[in-house]
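# Report on the structure
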Amino acid sequence: MPPGLPHQPLAMRLWLSRRSGRANGTDSVGHSSGRSMSIGSLEHMMRNRFRMFLRHTWLVTIFGTIVLGGVVWAAFYYSTKNTVMRIAAGPGSAKIVQVLANTLAKSHDRLQLQVVTTDSANASVQALNSGGADLAIVPTTVGKTPDWPVVAILRQNVIALIVPAPAAAPTPAPAAAAAPAPAKKGASPKATKTAKPAKPAKATKTAKSTKTTKTAKDKDSDSDDDDSGDDSTKDSDSTKLKVMQLAGKRIGIVTGNEATLDLLDVVLHHYGVPLDKVQLSQIDPANLADAVKKNTVDVIFVAGAATGAAISDAVKAATQNGVAPTFVDIDQADGIAKRNIAFDSVDIDAGTFGGIPPTPDDKLSSLSFPEYLVARKSFDHAAIADFAKVIYTSRLAIAAQLDGDVKIEAPSTDKDADALVHQGALDYLNDDQKTFFDRYGDDIFYGMLIFPVFGSAIAGVASYLRADSRTRRLRLLQKVLDLVRKVHAAQTLEAIEHLQIEADNLVIAIIHLSEHEEFDESVRMSFSFALDQLRFAIAARRTAILDHAEGGVEAPASANTTDTKAAAA
């Protein structure tokens with residue numbers, strides 16, 4: 001190896017490869033030791049690469065700026081990205097959801113409504129429970145919907161039991177006029193003449209009876225006029241069908257609305273009519289008119305908004321020949337509502353279902369139950385608040401598109417209200433909706449406070465790593481000087497060879513360090529001087545031992561002490 005430490009790592013590697021390629025035993029030991037050193041120094045090499053990266057201030061600054069920009073962009077993206085809300089809706093609510101989705105798309109650019117179609121309100125509740133939907137349209141009669149936070153009340157549904165109008169009786173065909181009997185032969189012309197009409201008989205008794213009747217009517221006219229209204233009401237009430245009389249009747253449940261078998265069971269069970277005592281059938285709205293004409297149903301069961309299409313279409317189908325249907329009055333609606341908190345009793349005014357002819361023709365007692373738009377408690381409150389704002393500010397336009405099927409109302413925000421209001425909807429209703437800075441202002445403030453702390457910590461780590469690098473250089477240099485002292489104290493060639501191996505390992509360590517750290521001129525000169533001194537010490541001590549072995553004067557163990565002290569200085 002030429003004097004002085006090579007400045008190029010490649011030259012040092014070539015020199016080491018020549019040494020490792022020697023065939024003698026000592027070199028083989030050094031070669032094996034060199035291999036073990038390269039494997040064991042892998043972790044050390046990785047740490048050195050990391051320290052070298054931190055030593056480049058401009059590179060660390062660029063990398064830190066990129067990371068900070070990425071964090072800011074990610075925070076902005078996740079705070080402003082589109083929020084997709086999955087809403088479960090049954091057959092009777094599909095049109096409502098479509099109108100809500102269109103209204104939301106026009107009013108808000110970051111909220112999207114995705115429809116999850118279900119076959120019933122029970123399936124909508126299951127989708128909400130299983131996480132398949134974030135919102136759902138469900139009535140209070142299904143599941144435990146009062147436990148779900150309410151965003152809005154979409155409408156009030158009513159129950160209608162409709163008795164179709166009777167079909168008109170067939171008109172009998174008029175009898176044919178009797179043909180005149182043929183005249184007998186030989187009959188006289190007088191016999192063929194038309195007989196004169198007989199004189200009207202006297203009706204003395206009839207006239208007397210008529211007068212007597214008129215006199216009786218005149219005497220009781222006042223009392224009859226006072227009771228005529230009550231009598232007509234009693235007669236009409238007596239002809240109407242009662243709920244208790246539904247046993248044995250054929251009840252058709254109209255599909256595609258809120259009418260269900262469970263809902264019918266609530267009413268019948270209260271009046272003591274079991275379901276197995278009635279004949280039930282499911283009727284599609286398109287086939288309802290044919291079922292009425294063919295007289296396959298006695299009573300039609302339908303539920304929905306009082307002014308909605310479901311009940312209005314059922315009433316039209318049950319009207320025959322201009323005769324309006326009648327309705328089964330739920331006269332114990334107050335009692336049912338007290339026993340079941342999902343219901344309220346309601347009086348339906350005359351003509352609510354239609355005006356020509358008016359249906360019902362008189363005030364009708366029935367049951368009502370609200371239909372809620374509910375959401376999961378864990379769903380983003382800010383998104384629900386924005387959705388609630390769109391719903392309440394556009395409720396007139398939504399109602400106009402649905403022809404009376406909805407009448408959006410806000411739930412009660414009192415603490416003792418029956419329904420629990422979603423926190424997002426509550427924020428909007430109480431004018432407590434937060435802006436972007438209200439939501440993230442604290443995070444930004446604390447981030448600005450914490451970020452300088454991290455910057456100081458990074459600077460401290462970089463300073464520590466730099467100091468640690470200087471400490472490693474000093475330690476390597478100290479090992480070289482210690483090795484020089486050990487060489488002067490060596491007494492055998494075997495000890496010299498072991499010290500040579502240690503010297504080679506130190507050279508490899510210095511080369512690794514020089515690859516990952518920039519040595520200034522003073523550091524390079526220090527290592528070069530120390531390694532030259534070590535090389536000269538090993539060569540001199542080996543020569544002294546060989547001379548002593550051949551019978552020469554014993555070489556003092558303290559030879560070149562002056563040079564060693566000078567190198568240490």
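Please read these numbers as outputs of a predicted model, since none were measured by experiment. (Residues numbered from 1 in each chain as written. Predicted model: local features only at pLDDT ≥ 70, side-chain atom pairs only at ≥ 80, totals over all residues. Heavy atoms only, no water.)

## Quick word on the overall build of the protein
Of the regular secondary structure elements, the protein holds 19 helices and twelve strands. Buried residues in the protein amount to 35% of all 569 residues. (Helix = DSSP H or I, 4+ residues; strand = E, 2+ residues; numbered from the N terminus. Buried < 20%, exposed > 50% of the residue type's maximum accessible area, 1.4 Å probe, protein only.)

## Looking at the packing of aromatic side chains
Going through the model one piece at a time under the given rule, you end up with three aromatic pairs. Aromatic pair Phe 343 and Phe 369: ring centres 6.0 Å apart, planes at 85°, arrangement edge-to-face. One end of the pair, Phe 343, is in the loop between helix H12 (333-339) and strand E9 (344-348); the other, Phe 369, is in strand E12 (residues 364-375), and 26 residues separate them in sequence. A residue is classified by how much of its surface remains accessible, and Phe 369, at 0% relative accessible area, is buried. Geometrically, the ring pair formed by Tyr 392 and Tyr 428 is stacked, given 6.0 Å between the ring centres and 5° between the ring planes. On the criterion of sequence distance, the pair formed by Tyr 392 in helix H13 (residues 381-393) and Tyr 428 in helix H15 (residues 423-429) is long-range, its members being 36 residues apart. In this pair, the class of Tyr 392 matches that of Tyr 428, namely buried. (Phe/Tyr/Trp six-rings, centres within 6.5 Å; stacked < 30°, edge-to-face > 60°.)

## Topic: the environment of Val 480
Mapped onto the elements, Val 480 comes out in helix H16 (residues 436-489). Here Val 480 falls in the buried class, since its relative accessible area comes to 0%. Each C-alpha atom of the pair Val 480 and Glu 502 lies 9.2 Å from the other, and the pair is 22 residues apart in sequence. Contact partners of Val 480, with chain neighbours within four places excluded, come to Leu 506, Ile 510, Ala 530, Leu 531 and Leu 534. (Contact = heavy atoms within 4.5 Å.)

## Considerations on the side chain of Ser 366
As for its position among the elements, Ser 366 is in strand E12. Classification of Ser 366 by relative accessible area gives buried; the value is 1%. One polar contact links the side chain of Ser 366 to the main-chain carbonyl oxygen of Ile 159, over a distance of 2.5 Å. Excluding its chain neighbours within four sequence positions, the residues that come into contact with Ser 366 are Ile 159, Ile 330, Ala 333, Asp 344, Ser 345, Val 346 and Ile 348. (Polar contact = N/O pair within 3.5 Å; in protein donor to acceptor, adjacent residues only side chain to side chain.)

## Quick notes on the nonpolar core
The biggest cluster of nonpolar side chains holds 34 residues, and the ones touching the most others in it are Met 85, Leu 113, Leu 135, Leu 373 and Phe 387. At the level of elements, strand E1 (83-89), helix H5 (94-107), strand E2 (111-117), strand E3 (135-139), strand E4 (150-163), E12, H13 and H15 are the ones that each hand at least two residues to this core. Of all the elements, H13 adds the most residues to this core, at seven residues. Core analysis: the second largest hydrophobic core is formed by 27 residues, Val 243, Leu 263, Val 278 and Leu 367 among them. (Core = buried A, V, L, I, M, F, W, Y, C linked by side-chain atoms within 4.5 Å.)

## Structural notes on H13
The terminal C-alpha atoms of H13 lie 18 Å apart, and with 13 residues this matches the ideal 18 Å at 1.5 Å per residue to within 8%. Counting buried positions over the 13 residues of H13 gives ten, a clear majority of the element. Listing the buried residues of H13 in full gives Ala 382, Ala 383, Ile 384, Ala 385, Asp 386, Phe 387, Ala 388, Val 390, Ile 391 and Tyr 392. Of the residues flanking the start of H13, the one acting as N-cap is Asp 380, its side-chain oxygen 3.3 Å from the backbone nitrogen of Ala 382. (Expected span 1.5 Å × (residues − 1).)

## Quick look at a negative patch on the surface
A surface patch of like charges, here negative, comprises Asp 344, Asp 414, Asp 416 and Asp 418. By the secondary structure assignment, Asp 414 is in the loop between helix H14 (395-401) and H15. (Patch = residues over 30% accessible without salt bridge, like charges linked within 9 Å, V, L, I, M, F, W, Y side chains within 5 Å. Areas by Shrake-Rupley, 256 points an atom, 1.4 Å probe, with all protein chains shown as cover. Salt bridge = Lys/Arg side-chain N within 4 Å of Asp/Glu carboxyl O. Lys, Arg positive; Asp, Glu negative; His and termini not counted. Charge placed at Lys NZ, Arg CZ, Asp CG, Glu CD.)

## Observations regarding the pattern of salt bridges
Pairing of side chains with opposite charge becomes possible as their charged atoms draw close. Evaluated as defined, the whole model comprises nine salt bridges. Residues Arg 535 and Asp 532 are paired through a salt bridge, measuring 3.8 Å at the closest nitrogen-oxygen approach. Pair noted here: Arg 535 and Asp 532 are both in helix H18 (residues 521-549), with a separation of three residues, about one helical turn. The exposure class assigned to Asp 532 is buried, which follows from its relative accessible area of 17%. Shared partners join several salt bridges into a network, and the residues in it are Arg 86, Asp 134 and Arg 376.

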